[in-house]
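Coordinate inspection notes
What follows is each chain in one-letter form.
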Amino acid sequence: MPARPPEPSVASLRDTPGDDGSLALYWRFYWAVAAAQLARWLPRRPSRVLDLAGGTVRSGAQAAAAGHRVIEVVDPHLGRHRPTALAPDGKAGNGAAANGAGPAAIGKVLPAGYGPPPARPAAASGTADAAETRGTNRRRVIADSGSLRFLTDASIDAVIAENRVLSRHLVTEAAVAEIARVLRPGGRVLLSVDSLTLGMALLAEQNYWAHLSDVPSAEVLLVPWPDGTITRCFWADQLRELLTEAGLEVEWIRPRTVLSPSTVEHVLTASPRALPRLVRTELSAPMNDDSLGVHLLASARRPA
């Protein structure tokens, strides 16, 4: 009797299927849901949209196809926070703890300069006006997505921060403050972040058991992926507080997907044509701000 294939790891729940194709059906479902959620959220009138995911997902292309003028921010250093790994017992290897990185950083806010310095935008791409040219409604700017200095105050109608981009900005407060600054009164932001559910699962999978007990009392939870990069994870209440303190009005917070990866994989393996039905089921799920899924999705507005 053939051996049963191993269960996918928590690290598979990032943003793309693993090299072995693990959770490929789930990610097909996930991005179909994301596209449907974005279609519902986008402004009804042609608007100026800022996409912070930098072309890593199709949100910018989708917004442009819907008739919006899109600026895509390409941040070459986003997510490259790679401190030396900690041993499973939480002890630093090669001086990692001195950097305040990994689970040792629970409860700490890292300084804005943590990680490699952002690339300085070239003069030709460092302004919003240069990012938009006649004949196209989708252009890219190479810039620090956490410091939108190339944009003036109240110059953007909508901001899309998909693909966990704000979880990869470890000082998320600064990035959200910049979003609030560039939004015009009445402008909105759609964002996704890693949930604390995912963070705790990652800690457990990597045998950081001692740190799990600190999670309920932590104001900030920074969690290492197996490749050494760091993500910031949120409870829904923490995300709500962060947005509110930036001067934004939270419209709603919900899990990106309520249906579990195992459920989706089971259904689509048995019936590949069930994808549209699964997407409709997900979209009709009641709105709630419980951290049921691995990612949280939120919509907020700058007061008029």
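Residues numbered from 1 in each chain as written. Predicted model: local features only at pLDDT ≥ 70, side-chain atom pairs only at ≥ 80, totals over all residues. Heavy atoms only, no water.

1. With respect to the overall build of the protein chain
Just so we agree on the cut-off: Each helix is a run of H or I in the DSSP string that is no shorter than four residues. Each strand is a run of E no shorter than two, and both are numbered from the N terminus. Note on classification: 1.4 Å probe, protein chains only; a residue is buried when its accessible area is under 20% of the maximum for its type, exposed when over 50%, partly exposed between these limits. Any two residues whose heavy atoms approach within 4.5 Å at even a single point are treated as in contact. For the area figures, the Shrake-Rupley method with a 1.4 Å probe applies, and any residue is considered shielded solely by the protein chains shown.
From N to C terminus, the protein chain includes nine helices and nine strands. The buried share among the 304 residues of the protein chain stands at 50%. In the protein chain, the share of contacts with a sequence separation of at least 24, taken over all contacts with a separation of at least 6, comes to 75%. As displayed, the protein chain has an accessible area near 14,300 Å², and 54% of this comes from carbon and sulfur atoms.

2. A look at a negative patch on the surface
What counts, and what does not: Patch construction takes residues with relative accessible area above 30% that form no salt bridge. Like charges are linked within 9 Å, and nonpolar side chains (Val, Leu, Ile, Met, Phe, Trp, Tyr) are linked within 5 Å. Salt bridges are defined as contacts in which a side-chain nitrogen from Lys or Arg sits within 4 Å of a carboxyl oxygen from Asp or Glu. The sign given to each residue is positive for Lys and Arg and negative for Asp and Glu; His and the chain ends receive no count. All charge positions are set by atom: Lys at NZ, Arg at CZ, Asp at CG, Glu at CD.
Judged by side-chain charge, Glu219, Asp237, Glu241 and Glu245 come together as a negatively charged surface patch. Relative accessible area serves as the criterion here: at 62%, glutamate 245 is assigned to the exposed category.

3. Let's talk about helix H1 (residues 24–41)
One full turn of an α-helix is made of 3.6 residues, so residues set three or four places apart face in the same direction. Put simply, the rule is: Multiplying one less than the number of residues by 1.5 Å gives the expected span of a helix.
Between its first and last C-alpha, H1 extends 26 Å over 18 residues, near the 26 Å set by a 1.5 Å rise per residue. Taken together, the buried positions of H1 are occupied by Tyr26, Trp27, Phe29, Tyr30, Val33, Ala34, Ala36, Gln37, Leu38 and Trp41.

4. What about the confidence of the model for the protein chain?
Convention followed: The predictor rates its confidence in each residue with pLDDT, a number between 0 and 100.
The pLDDT averaged across the protein chain works out to 78; a share of 72% of its residues lies at or above 70. Ignoring residues within four places in sequence, the model shows residues 1–6, a span with pLDDT below 50, making zero contacts including any to other chains. When the criterion is pLDDT under 50, residues 127–135 qualifies, and its contacts beyond four places in sequence or with other chains add up to 16 contacts.

5. Some words on the pairing of strand E9 (residues 295–301)
Along any regular strand, the residues point their side chains to alternate faces of the sheet. This is how it is decided: In this description, strands pair whenever DSSP reports at least two bridges between them.
Most of E9 is tucked away, with six of its seven residues classed as buried. Pairing analysis gives seven bridges linking strand E5 (residues 183–195) to E9, with the strands arranged antiparallel. What sits directly across from leucine 191, in E9, is alanine 298. The sheet contact formed by strand E8 (residues 249–255) and E9 spans six bridges and is antiparallel.

6. A word on the packing of aromatic side chains
The line we're drawing: Centres within 6.5 Å make a pair out of two Phe, Tyr or Trp rings, where for Trp the six-membered ring is used; the pair is then stacked when the planes are under 30 degrees apart, edge-to-face when over 60, and tilted otherwise.
Scanning the model with the defined rule gives five aromatic pairs in all. Relative to tryptophan 31, the ring of tyrosine 30 has its centre 4.9 Å away and its plane inclined at 75 degrees; by these criteria the two rings are edge-to-face. In this structure tyrosine 30 comes out as buried when scored by relative accessible area, which is 2%. What makes tryptophan 31 partly exposed here is its relative accessible area of 25%. Ring-pair connections join several aromatic residues into one group, and the members of that group are Tyr26, Trp27, Phe29, Tyr30 and Trp31.

7. Description of the nonpolar core
Applicable threshold: Take the buried residues of types Ala, Val, Leu, Ile, Met, Phe, Trp, Tyr and Cys, join any two whose side-chain atoms come within 4.5 Å, and each joined set is a nonpolar core.
Leu50, Leu52, Leu166, Leu191, Leu239 and Leu243 are the most contacted members of the largest nonpolar core, which totals 35 residues. For this core, the secondary structure elements donating two or more residues are strand E2 (69–74), strand E4 (156–161), helix H4 (172–182), E5, helix H7 (236–245), E8 and E9. If one sorts the elements of this core by residue count, H4 sits on top with five residues. In this view, leucine 239 contacts Leu191, Val193, Phe234, Ile253, Leu296 and Ala298; residues no more than four positions away in its chain are not counted. If you look at the next biggest cluster of nonpolar residues, it comprises 25 residues, including Leu23, Leu196, Leu268 and Ala274.

8. Observations regarding the pattern of salt bridges
Applying the stated criterion across every chain yields a total of 11 salt bridges. When the shortest N-O distance is used, the salt bridge between glutamate 72 and arginine 138 registers 2.9 Å. With glutamate 72 in strand E2 and arginine 138 in strand E3 (residues 138–142), this residue pair connects regions lying 66 residues apart in the sequence. Given a relative accessible area of 0%, glutamate 72 falls into the buried group. Since its relative accessible area comes to 33%, arginine 138 is described here as partly exposed. Between arginine 254 and glutamate 282 there is a salt bridge; the shortest N-O distance is 2.8 Å. Residue arginine 254 is located in strand E8, and its partner glutamate 282 is located in helix H9 (residues 275–283); the two are separated by 28 residues in the primary sequence. In this pair, the class of arginine 254 matches that of glutamate 282, namely buried. Sharing partners across several salt bridges, the network here consists of Glu72, Arg138 and Arg140.

9. What about the packing of H1 against H9?
The relative placement of two packed helices comes down to the angle between their axes together with the axis-to-axis distance. To keep it simple, the criterion reads: Fitted lines through C-alpha atoms serve as axes, helices being fitted only where they are in contact, and the angles separating the N-to-C directions of these axes extend from 0 to 180 degrees. Roughly parallel means an angle under 35 degrees; roughly antiparallel means over 145; roughly perpendicular covers 65 to 115; every other angle is labelled oblique. A clockwise turn of the near helix away from the far one marks a right-handed crossing, whereas an anticlockwise turn of less than a right angle marks a left-handed crossing. Polarity classes work like this: nonpolar for Ala, Val, Leu, Ile, Met, Phe, Trp, Tyr, Cys and Pro, charged for Asp, Glu, Lys and Arg, and polar for all others, with Gly in that last group.
Running from N to C, H1 and H9 point in directions that differ by 50 degrees, and their axes come no closer than 10 Å. Of the possible angle classes, the one that applies to H1 and H9 is oblique. The handedness of the crossing between H1 and H9 comes out as right-handed. For the pair H1 and H9, contact is made by Arg28, Phe29, Ala32, Val33, Ala36, Gln37 and Arg40 and by Leu275, Leu278, Val279, Glu282 and Leu283, respectively. Here the contact of H1 with H9 is built from residues that sort into eight nonpolar, one polar and three charged.

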